[in-house]
Amino acid sequence: MTRLVILPGLDGTGTLHEDFIAALGTTFATVQVMAYPADAVLDYPSLERRVRAALPDQAPFVLLGESFSGPLAIAIAADPPANLRGLVLSTTFARAPVPLSRLLAPITRVAPVHGVPLAVLRWWLLGRWSSPALDRALRRALRQVSPQVLRHRAGLAMRVDVVGLLHRIPVPVVYLRASGDRLLAAGAGRLITRNVADCTCLDMQGPHLLLQAAAPACAAAVKAQAMRLGWVR
């Protein structure tokens, strides 16, 4: 039976997906969230090597790349393991996600990551879908990661460009686009859907942290597409 492997957002802790996993129920044989080192500064190629080494080596699996991890998931899917069945991308990008982000990238080297007021993070990442529980979970996840690592990852996201890999993805892709995403430019999803041969774009009600704020709806959408595409039965 097919497994699901989740590559998490910027925090990389893998602690923000409990509701989404619970809502998936028994759709997949197992659901694995890969956590990234909280105190090691690694670039996308280094993370890709770590992820590839930990992927299921024989069992069929679907890869889900969330936000920061989208470019990483795209790179893996463009040169896929033989047992990769599909790719899900959630509120993510193939090229620097916000206007002028490449110009702003150097600022991330000195940005006071842990000093950002919760109200700012709430507005940016959760919007009207914010709740005390989500606020606490987000702050707790970010606190687990060193500021240097968070700044480095933000800088990577602001410089990345894997658009040239999109046409090489041989497996079906499902893209989850959030209606209230205040982080990504509107064209981030369109760039992906235009350049992937087999890509289904689903518009979901929610913020940038879509899998957290709209866990049941996202799980239902992923389950429906997994069944439609034959990833699961």
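Every value quoted in this text rests on a predicted model; they were computed, and no experiment measured them.

A. How the structure looks around the nonpolar core. Counting residues in each nonpolar core, the largest one holds 37 residues, and the members touching the most others are Leu7, Leu63, Leu87 and Ile169. Put simply, the parts of the chain that give this core at least two residues each are strand S1 (3–7), helix H2 (44–54), strand S3 (61–66), helix H3 (70–78), strand S4 (84–90), helix H7 (147–159), strand S5 (173–178) and helix H8 (187–195). Among the elements that line this core, the one with the most residues is H3, at six residues. Sequence-distant contacts of Ile169, that is, excluding residues within four places in its chain, are made with Ile74, Ala77, Ala78, Leu87 and Val196. With 25 residues, the next largest nonpolar core counts Phe28, Ala221, Trp231 and Val232 among its residues.

B. Summary view of helix H10 (residues 215–228). Helix length check: H10, at 14 residues, gives a terminal C-alpha distance of 20 Å against a target of 20 Å (1.5 Å per residue), a fit within 8%. Within the span of H10, buried status applies to Ala215, Cys218, Ala219, Ala221, Val222, Gln225 and Ala226. Seen end-on, H10 carries its buried residues on one side only, within an arc spanning 165°. Relative to its buried face, H10 has exposed residues pointing more than 90 degrees away, namely Pro216 and Arg228. Against the buried residues of H10 lie helix H1 (18–24), S4, S5, strand S6 (199–204) and helix H9 (210–213). In the stretch just after H10, Gly230 is the one whose phi turns positive, near 80°.

C. Here's a closer look at the pattern of salt bridges. Overall, the coordinates contain four salt bridges when judged by the stated rule. Of the charged contacts in the structure, one is a salt bridge between Asp161 and Arg95, with a shortest N-O distance of 3.2 Å. Pair noted here: Asp161 is in the loop between H7 and S5 and Arg95 is in the loop between S4 and helix H4 (101–104), with a separation of 66 residues, a long-range link. The class for Asp161 is partly exposed, based on a relative accessible area of 40%. As a salt-bridge pair, Arg122 and Asp135 come within 2.8 Å of each other at their nearest N and O atoms. Note that Arg122 is positioned in helix H5 (residues 118–126) and Asp135 in helix H6 (residues 132–143), a separation of 13 residues in sequence.

D. Looking closely at the side chain of Thr2. Structurally, the position occupied by Thr2 is in the segment before S1. At 2.5 Å, the side chain of Thr2 forms a polar contact with the backbone oxygen of Trp231. Excluding residues within four positions of it along the chain, Thr2 makes contact with Phe28, Ala29, Thr30, Pro60, Phe61, Val62, Trp231 and Val232.

Reading the values: the criteria
Residues numbered from 1 in each chain as written. Predicted model: local features only at pLDDT ≥ 70, side-chain atom pairs only at ≥ 80, totals over all residues. Heavy atoms only, no water. Core = buried A, V, L, I, M, F, W, Y, C linked by side-chain atoms within 4.5 Å. Buried < 20%, exposed > 50% of the residue type's maximum accessible area, 1.4 Å probe, protein only. Helix = DSSP H or I, 4+ residues; strand = E, 2+ residues; numbered from the N terminus. Contact = heavy atoms within 4.5 Å. Expected span 1.5 Å × (residues − 1). Arc of directions from axis to C-beta. Salt bridge = Lys/Arg side-chain N within 4 Å of Asp/Glu carboxyl O. Polar contact = N/O pair within 3.5 Å; in protein donor to acceptor, adjacent residues only side chain to side chain.

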